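# Per-entry structural report
The residues making up each chain are set out below.
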Amino acid sequence: MDIKILALDLDGTLTNSEKKITLNTKETLQRAMEDGVTVVLASGRPLVGIKPLAKELELSKYSGYILAYNGGQIIDCHTGKEVYQKVLNVERIASIYEVAKQFGVSMLTYDGEDIITEDDTDPYVLRECFINKVKVRKIEDIVSHVTYPVPKCLVVGDHEKLLPVRDYLKEKYGDELSIYFSEPFFLEIMPLGVEKSASLELLLNRLQLSREELMACGDGLNDITMLQYAGLGVAMGNACKEAKEVSNYVTATNDEDGVAKAVNRFILSGEQMVG
């Protein structure tokens, strides 16, 4: 297996518990890129939450890519240009909001570099702000405000409260929306077909590469399709059970430089998976 492209989830994978890339991981990835490997940052985060990490890794220099919003937007870091985007129907945002309100949970979406919501004190909204290092802006009437297309809405709350929201939305809008958890407290809602594996397939076709040449590292529920799709799926030691079950290999945790260890083993040393 000759790995030519490396897809990395961010939170719980590339970054440690402090949401930072360690020096060892950064240097290991840069050695891989110097050897010609294309690095792709594939995250549920909005673009604004990924750009600082792409800059830190110098992806513009090494011709890397960003897959934001779980693949709803693809950015070529070398040119800075968007090569793919899929957005929600504006009218459907109102439907999602009404369901969230009905079940007593919060909805957020994005406006420029801000997270917008009607409840700027919700702890899960604030968690999304912390993860992306962006500010939250309170909107009195989010449905009236969002007259522009957005790639994603996030419904947030305790997992037990979100389960019936997921089931209701899937039953009513499952033929036009992708609805799944990225974390137990984050219910991602995007246009149908938007997921990391689908966008990686688009990117591989663009680069004339095969899935057998792709290694993917992840830890969460929204990484499962990516880990299944890749020629080599690597789950983090801290990954959820479902991610580990579909992966070819389990590396160390994100606080133990698990990404660097996997890159050293399967890319820089060229070790092959057997079985």
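Now for a look at the structure at hand. (Residues numbered from 1 in each chain as written. Predicted model: local features only at pLDDT ≥ 70, side-chain atom pairs only at ≥ 80, totals over all residues. Heavy atoms only, no water.)

### A short note on the overall build of the protein
A count of helical and extended segments in the protein gives 11 helices and 14 strands. Radius of gyration (C-alpha) of the protein: 18 Å, near the 19 Å computed for a compact globule of 275 residues. Dimensions along the principal axes, computed over C-alpha positions, put the protein at roughly 55 × 35 × 35 Å. Each of the 275 residues in the protein was classed as buried or not, and the buried ones make up 54%. Across the protein, the fraction of contacts at a sequence separation of at least 24, relative to all contacts at a separation of at least 6, is 58%. Of the roughly 11,900 Å² of accessible surface on the protein, 47% is carried by carbon and sulfur atoms. The distance from the centre of the 30 positive side-chain charges to the centre of the 43 negative ones in the protein is 2 Å. (Helix = DSSP H or I, 4+ residues; strand = E, 2+ residues; numbered from the N terminus. Rg over C-alpha atoms; globule rule 2.2 N^0.38 Å. Buried < 20%, exposed > 50% of the residue type's maximum accessible area, 1.4 Å probe, protein only. Contact = heavy atoms within 4.5 Å. Areas by Shrake-Rupley, 256 points an atom, 1.4 Å probe, with all protein chains shown as cover. Lys, Arg positive; Asp, Glu negative; His and termini not counted. Charge placed at Lys NZ, Arg CZ, Asp CG, Glu CD.)

### Looking at the packing of helix α4 (residues 90-102) against helix α7 (residues 159-173)
Packed helices, taken two at a time, are described by the angle their axes make and the gap between the axes. The geometry of α4 relative to α7 is characterised by a closest axis approach of 10 Å and an angle of 145 degrees between their N-to-C directions. Helix-helix and strand crossings are classified by hand; for α4 and α7 the assignment is right-handed. Residues Arg92, Ser95, Val99 and Gln102 of α4 touch α7, and the partners they reach there are Val165, Tyr168, Leu169 and Tyr173. Each residue belonging to the contact of α4 with α7 can be placed in one class, and the counts come to 5 nonpolar, 2 polar and 1 charged. (Axes fitted to C-alpha atoms, helices over the stretch in contact; angles between N-to-C directions. Left-handed = near helix turned anticlockwise from the far one by under 90°. Nonpolar A, V, L, I, M, F, W, Y, C, P; charged D, E, K, R; others polar.)

### Comments concerning the packing of aromatic side chains
Aromatic rings in a pair are described by how distant their centres are and how their planes are angled relative to each other. Applying the stated criterion across every chain yields a total of 5 aromatic pairs. A ring pair is formed by Tyr249 and Phe266, whose centres lie 4.9 Å apart and whose planes are at 80 degrees; its orientation type is edge-to-face. Of the two residues, Tyr249 is situated in strand β14 (residues 249-250) and Phe266 in helix α11 (residues 258-268); the sequence distance between them amounts to 17 residues. Through pairs of rings, three or more aromatic residues link up here, namely Tyr124, Phe185 and Phe186. Stacked on the ring of Phe130, the Lys or Arg Lys133 has its end atom at 6.0 Å from the ring centre. (Phe/Tyr/Trp six-rings, centres within 6.5 Å; stacked < 30°, edge-to-face > 60°. Lys NZ or Arg CZ within 6 Å of the ring centre and 35° of its normal.)

### Examining the sheet that holds strand β9 (residues 153-156)
In a beta sheet, neighbouring strands pair by backbone hydrogen bonds and run either parallel or antiparallel. On the basis of which strands lie adjacent, the open sheet formed by 6 strands has the order β8-β7-β6-β9-β11-β10 and mixed pairing. Where the open sheet ends on each side, the last strands, each with one partner, are β8 (136-138) and β10 (177-183). Averaged over neighbouring strand pairs, the angle between their axes works out to 30 degrees when direction is ignored. By the bridge criterion, 4 bridges tie β9 to strand β11 (residues 186-191) in an arrangement that is antiparallel. (Pairing = 2+ DSSP bridges.)

### What about the nonpolar core?
Within the largest apolar cluster, 67 residues are counted, with the highest numbers of intra-cluster contacts made by Leu6, Leu8, Leu41 and Met215. With sequence-adjacent residues up to four places away left out, Leu41 is seen in contact with Leu8, Leu10, Leu14, Ile50, Leu53, Ala54, Leu57, Leu59, Tyr65, Ile66 and Leu67. Counting residues in each nonpolar core, the second largest holds 24 residues, with Leu88, Ile142, Val155 and Leu177 among its members. (Core = buried A, V, L, I, M, F, W, Y, C linked by side-chain atoms within 4.5 Å.)

Bear in mind that shape data such as this cannot, by itself, settle questions of function.
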